[in-house]
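Observations on the three-dimensional arrangement
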Amino acid sequence: MTDISKSTLHRIYNDDTTRIEFDTLSKLCNVLEVTPGDILKYVPDERNAGDFPEEE
């Protein structure tokens, strides 16, 4: 259906991944009929929190 490996889907489902390929994201969005913003959430990395200046 998506041509995405079972292991990749398993890692995504179990939040056991640190990145996602654009091709994989595109395939998921197509099958689920959503946009990336519907399925992704930005969570700042606490380890790098001081790398960016505070917004005013």
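These figures come from a predicted structure and were not determined experimentally.

When pLDDT is averaged along the protein, the result is 86; 82% of the residues meet or exceed 70. The spread of mean pLDDT over the elements of the protein runs between helix α1 (residues 6-13), the lowest at 93, and helix α2 (residues 22-32), the highest at 95.

Moving on, we come to unusual backbone geometry. Of note in this structure, D15 is not a glycine but carries a positive phi near 50°. As for its placement among the helices and strands, D15 is situated in the loop between α1 and α2. Here E33, not a glycine, exhibits a phi torsion of approximately 55°, which is positive. Residue placement: E33 occurs in the loop between α2 and α3 (36-39).

Once their charged atoms are close, side chains differing in charge can pair, the charge on each being opposite to the other. If you walk through the whole model with that rule in mind, you get three salt bridges. A salt bridge links D3 to K27, with the shortest nitrogen-to-oxygen separation between them at 3.7 Å. Highlighted residues: D3 in the segment before α1 and K27 in helix α2, separated in sequence by 24 residues. Using a relative accessible area of 69% as the deciding quantity, one classes D3 as exposed. Owing to a relative accessible area of 24%, K27 belongs among the partly exposed residues under this scheme. K27 serves as the salt-bridge partner of D23, at 3.2 Å between the closest nitrogen and oxygen. Residue D23 and its partner K27 are both found in helix α2; the two are separated by four residues, about one turn of the helix.

The rules behind these values
- Residues numbered from 1 in each chain as written.
- Predicted model: local features only at pLDDT ≥ 70, side-chain atom pairs only at ≥ 80, totals over all residues.
- Heavy atoms only, no water.
- pLDDT = per-residue confidence, 0-100.
- Helix = DSSP H or I, 4+ residues; strand = E, 2+ residues; numbered from the N terminus.
- Salt bridge = Lys/Arg side-chain N within 4 Å of Asp/Glu carboxyl O.
- Buried < 20%, exposed > 50% of the residue type's maximum accessible area, 1.4 Å probe, protein only.

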